[in-house]
Each structure stands twice: as structure tokens, then as C-alpha cells.
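Listed below, chain by chain, are the residues.
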Amino acid sequence: MTTSVHGPAEEAAGPPGASTGPPRSRRALVAGSVGNFIEWYEFGVYGFFATIIAANFFTPEGGSDAEALIRTYASFGLAFFFRPVGAALFGRVGDRIGRRPTLILVVLLMTAATTLIGLLPTYATIGAAAPWLLTLLRIVQGLSAGGEFGGAVSLMTEFAPPGRRGLYGAWQSFTVALGLLGGAGVAAVLATVLSGAELGSWGWRLPFLMTLPMGLAALWLRLRLEETPSFRRRHGVAAAAPVRETVRAIAWGVSRLMGWSAAGYTFLVVMPSYLQSVLDATFQQALVAGVLANAGFAAAILPAGALSDRVGRRAVMVSGAVVAALSAFPLLNLLQDPAAPTAAKGLAVCAAGAVVGLMAGPGPAMLAEMFPTRVRYTGLGLAYALSNAVFSGCAGLVITETIRRTGSIDIPAYYVAATCAVSALALAALRGDDHRRALRD
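Being a predicted model, the structure only gives us computed values, none of them experimental.

Undergrad: With reference to specific residues and values, describe the overall build of the protein.
TA: Helix and strand counts for the protein stand at 20 helices and zero strands. At a minimum sequence separation of 6, the contacts of the protein that also span at least 24 residues come to 88%.

Below, the structure written as C-alpha cells:
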């Protein structure tokens, strides 16, 4: 069953008539990866410091900690809902004028917004304006993040050598893992070397300010980029975008990504706050769990992408979705058991991250193969952004609020199992030989 915007099958694995030699391919990987790293480093930091941000920006006198955390996650989720807007806006620009200039613009916006968060006055300083300013910067981040994914994946897969599209696309997910892991690592170091009062007063700002030099490095790398061979070949060729087919492919893309989005954010970002607020773990214990989960995630991504180049995207991604759905309740029950060995809990969260990596590794290449060059930036960017807006951005808010209302501490497992089950069914409809076909112009 075909669900991608393809014409007749093509067995060639690379774009004809264009060389993407190793130096250019490697430059594309690095330039695409560094923007993703910055984006997800910041999102990870925001999630890991959610309780501290809540206290500084969302706790007016008389407000409860639970209400403040919910407002913090609402701001977190709002940025995700602006991702589809950014994907549509920057995707259209990227499909019209090129991947390179668009990726330069989005990394500038992301760097500026993230650095400014580290400089914001808190509620205690300027009152109600503080959460509004934070939310405004989160919106700018959401717009730029929405434009980042489609361009980065287009860049990586369009420069990929024959037979290595899955591996090259997996670098997008790998740098997501590195970004989240970097955010968790920085948070863990600060929590170790600073007192609780120092961390809550000014220490939380440091990870956001660290984005500035990283963003300048990303800008330098992207200024040195060339445009992709696929875009150069298509640029100036008049062809109407297949609107109906593109919309259908976006809908399929969302359904195929929802399990990855929900499980990824539940296990990798929301879990630390869940462990603190529901299971009474310390801040340091929760961060260690976050580091282990993201380490497992990072370790699985590149092997999963490379494996999908051999056996196909469908086989690897369906396996990941099924295992995630079946293991959600056993994992949570283990974490909830106070008598369970600490080593077993650590191994479990690491394994949970690795399962998400089975979906995340082949995912970017799978999306790139669903859209032709003239709408690839827009189409795959929108599919990813919509999935993340609904199933990632809302994960913390939905889980926290549902636990508060129902009293059930099993809500994260229900959330992961349901979304991964739907994704497994949608992924099963993929063609088994998409990894052998050329990207369509």
C-alpha cells in the first residue's frame, strides 16, 4: 500500500547527474545537525528545569506549585503549537528559494530567543509581564523550530550518498538525542555544583545563555553550505504542487510519528518532572534518570537508521512502536515500586530510550521519502511539527493535569501505549522497498 507522494518506482538510490561527494555530504550533516542540537538542547533544558521555571515565572503569591507547573507546561506546549506555523512558513520559503538561506534564518531566530530567555526578569521583579515575555520567546522558538526540521532533514537526505539515506537522516534524530542529553548533563552538573538557592536564583539561566556561542558556530557552518543537488535541479522548474496528495501524505506522516513523539517526550523529557512530582524523587535522581533515558535513545538511533537502509524503514519502525506499546506499563510499574533495585530502574529507563530510538532513527528518511523535492521541506516539516505539537508539546500538560484530576499515576503508560499502537498500524502501511527508491523530484 503506498501512502507517499511518489510517481513510478525508481530503483536508483541517489539523484542522477549530481555528485554529493563525501566532503559535501559531511558538511551538510554537520551544518544540519548543529541547529538541531541547539533546538533540542534548549527544549530539554526547559523540560528539566520546569519546576524551577515554574517557581520563577508562574507562581504569583497564593498560587500552588501544581498550578505553576501546569502553566509552565502550557507555555512549553504553546511553543509546539507554533511549530506547524513555522513549518508552513519557512517550508514554503525553503521550497521556493532554497534550503540554505532558510536554515540560516531559523538558527538566528532560535539562538536569539533562547539567549533572551536566560536574560529575562522573573515574576518577582516585573510581576505578570514575566510569564508573558517568556511565552512570547517560546513562540519565537516554536516558529524557528518548525522551520528547522524540514530544512535539516531535506538537507541531509538530499546530500546522502546512495544506500545511506536512513543513516544520514538518522543524524537529525541523533542530534536531538545529543541536545536532550546535553541539556540533562548541564542541568545535572549545575544541580551538583550549585546549592538549591543558587540554582533557583540564577543558576538556571546559564544553560540558556550557553546557546549564544553554539548558535554563532551553527551560523558560521551554514553560511559555508552549498544548496542541495535536488533543489538546484528543481529550482525554476514550473510544476504545481500536488495539494491533495501532499495533504494525505502529511496526515499519514502524523499518524506514523505520533508514537515516536508521545513516547519520546514522555520518557525523555516529562519523566524527570513526573518522578519528582508524583514519585517523590529528588531533583538529582530525576536528572540521572533523564540522562540514562537519553543515553539509551542516542545509542540506538544511528544503528536503527543504518539497519533501515538494509531491511527497510517499515520493519524497524513497526518493531519500535510495538515494543514501546507493550513495555509502557511494565516500565512504569517498575519505577513505581520502591523495593525495585536502583540498577534495574536505571536499566529500564535506558532501554525505554533505546526503544524510542528504533522509531527515531529511520523516521527522518521515512518522511523524506514520502514527499517530492518541490514540497519536501514543507510536507515533512508540517507532518513532524503537527505530530510534535499534539503528542509532544501536550505530553507534560496532559499527563500532569490528568494525574491531578484522576489520581491515577499510570497515565503516562496509557498515553504511550495508545499512541504507539496507532503508529504501529499506520507504519505497517509503508512500502517495504521505499529505502531502495530514489527521492522524487
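Undergrad: Please set out the packing of aromatic side chains residue by residue, giving values where relevant.
TA: Tallied over the full model, the rule gives eight aromatic pairs. Between Trp-171 and Phe-174, the aromatic rings sit 5.2 Å apart at their centres with planes inclined by 85 degrees, giving edge-to-face as the arrangement. Of the two residues, Trp-171 and Phe-174 both sit in helix 8 (residues 165-193), three residues apart, roughly one turn of that helix. You can call Phe-174 buried: its relative accessible area is 14%. Ring geometry for Trp-204 versus Phe-208: centroids 6.0 Å apart, planes at 75 degrees, classification edge-to-face. Accessibility classification places Trp-204 together with Phe-208 in one group, the buried group.

Undergrad: Could you give an account of the nonpolar core, with specific residues and numbers?
TA: The biggest cluster of nonpolar side chains holds 84 residues, and the ones touching the most others in it are Phe-43, Phe-267, Leu-275, Phe-297, Met-366 and Leu-367. Among all residues touching Leu-367, those that are not within four sequence positions of it are Phe-149, Gly-253, Leu-257, Leu-380, Ala-383 and Tyr-384. By size, the runner-up hydrophobic cluster in this structure holds 26 residues, among which are Tyr-46, Leu-120, Ala-191 and Phe-283.

Undergrad: Please give an account of the packing of helix 13 (residues 243-277) against helix 20 (residues 411-427) that cites residues and values.
TA: A packed helix pair is summarised by two numbers, namely the angle formed by the two axes and the spacing between the axes. Axis separation between helix 13 and helix 20 bottoms out at 7 Å; the angle between their running directions is 155 degrees. For the element pair helix 13 / helix 20, the angle class is roughly antiparallel. The handedness of the crossing between helix 13 and helix 20 is left-handed. Between helix 13, through Trp-252, Ser-255, Arg-256, Leu-257, Met-258, Gly-259, Ala-262, Ala-263, Thr-266, Phe-267 and Tyr-274, and helix 20, the contact on the second element is made entirely by Pro-412, Tyr-415, Val-416, Thr-419, Cys-420, Val-422, Ser-423, Ala-426 and Leu-427. Its residues assigned to classes, the contact of helix 13 with helix 20 comprises 14 nonpolar, five polar and one charged.

Undergrad: How would you sum up the packing of helix 5 (residues 99-117) against helix 7 (residues 129-159)? Please name residues and give values.
TA: Packing of helix 5 against helix 7 brings their axes to within 8 Å, and their N-to-C directions diverge by 150 degrees. As helix 5 packs across helix 7, the resulting crossing turns out to be left-handed. Its residues placed into classes, the contact of helix 5 with helix 7 shows 13 nonpolar, six polar and four charged.

Undergrad: Any details on the pattern of salt bridges? Residues and values, ideally.
TA: Per the stated rule, a full pass over the model turns up 15 salt bridges. Note that Glu-401 is salt-bridged to Arg-404, the shortest N-O span being 3.0 Å. One end of the pair, Glu-401, and the other, Arg-404, are both in helix 19 (residues 395-406), three residues apart, so they sit about a helical turn from each other. One network of salt bridges, in which partners are shared, links Asp-95, Arg-99, Glu-158 and Arg-376.

Undergrad: So, the environment of Gly-151: which residues are in play, and what are the values?
TA: For Gly-151, the position within the fold is in helix 7. Discounting residues that sit within four places of it in the chain, Gly-151 has contacts with Arg-99, Leu-103 and Tyr-377.

Undergrad: Can you explain helix 8? Please cite residues and give values.
TA: With 29 residues, helix 8 should cover 42 Å at 1.5 Å per step; its first-to-last C-alpha distance of 42 Å lies within 8% of that length. For helix 8, the principal kink sits at Trp-171 and spans about 30 degrees.

Undergrad: Please give an account of the side chain of Arg-83 that cites residues and values.
TA: With respect to the helices and strands, Arg-83 occurs in helix 4 (residues 83-97). Classification of Arg-83 by relative accessible area gives buried; the value is 1%. Ignoring anything within four residues of it in the chain, the contact list for Arg-83 reads Glu-39, Trp-40, Phe-43, Gly-142, Ala-145, Gly-146, Tyr-384, Ala-385 and Asn-388.

Undergrad: Explain the confidence of the model for the protein to me, and be specific about the residues and the numbers.
TA: Taken as a whole, the protein shows an average pLDDT of 85; of its residues, 89% reach a score of 70 or greater. Here helix 3 (residues 65-81) stands out as the element of the protein with the lowest mean pLDDT, 68, in contrast to helix 17 (residues 363-368), whose mean of 96 is the highest. Taken as a whole, residues 6-20 scores under 50 in pLDDT and shows 37 contacts with residues more than four places along the chain or in a different chain.

Undergrad: Provide a residue-level description of the environment of Gly-196, including the pertinent values.
TA: Structurally, Gly-196 can be placed in helix 9 (residues 196-203). With 87 residues separating them in the primary sequence, Gly-196 and Phe-283 have C-alpha atoms 9.7 Å apart.

Undergrad: Provide a residue-level description of a nonpolar patch on the surface, including the pertinent values.
TA: On the surface, a cluster of nonpolar side chains totalling about 440 Å² of accessible area is made up of Leu-116, Leu-119, Trp-202, Leu-206 and Leu-209. Tracing the chain through its elements places Leu-119 in the loop between helix 5 and helix 6 (123-126). The exposed category is assigned to Leu-119, whose relative accessible area is 55%.

Undergrad: Just give me the short version of the environment of Leu-430, but keep the residues and values in it.
TA: You can see Leu-430 is positioned in the segment after helix 20. Residues Leu-430 and Arg-313, 117 residues apart in the sequence, show an inter-C-alpha distance of 8.1 Å.

The rules behind these values
- Residues numbered from 1 in each chain as written.
- Predicted model: local features only at pLDDT ≥ 70, side-chain atom pairs only at ≥ 80, totals over all residues.
- Heavy atoms only, no water.
- Helix = DSSP H or I, 4+ residues; strand = E, 2+ residues; numbered from the N terminus.
- Contact = heavy atoms within 4.5 Å.
- Phe/Tyr/Trp six-rings, centres within 6.5 Å; stacked < 30°, edge-to-face > 60°.
- Buried < 20%, exposed > 50% of the residue type's maximum accessible area, 1.4 Å probe, protein only.
- Core = buried A, V, L, I, M, F, W, Y, C linked by side-chain atoms within 4.5 Å.
- Axes fitted to C-alpha atoms, helices over the stretch in contact; angles between N-to-C directions.
- Parallel < 35°, antiparallel > 145°, perpendicular 65-115°, else oblique.
- Left-handed = near helix turned anticlockwise from the far one by under 90°.
- Nonpolar A, V, L, I, M, F, W, Y, C, P; charged D, E, K, R; others polar.
- Salt bridge = Lys/Arg side-chain N within 4 Å of Asp/Glu carboxyl O.
- Expected span 1.5 Å × (residues − 1).
- Bend = angle between axes of the 7 residues up to and from the residue.
- pLDDT = per-residue confidence, 0-100.
- Patch = residues over 30% accessible without salt bridge, like charges linked within 9 Å, V, L, I, M, F, W, Y side chains within 5 Å.
- Areas by Shrake-Rupley, 256 points an atom, 1.4 Å probe, with all protein chains shown as cover.

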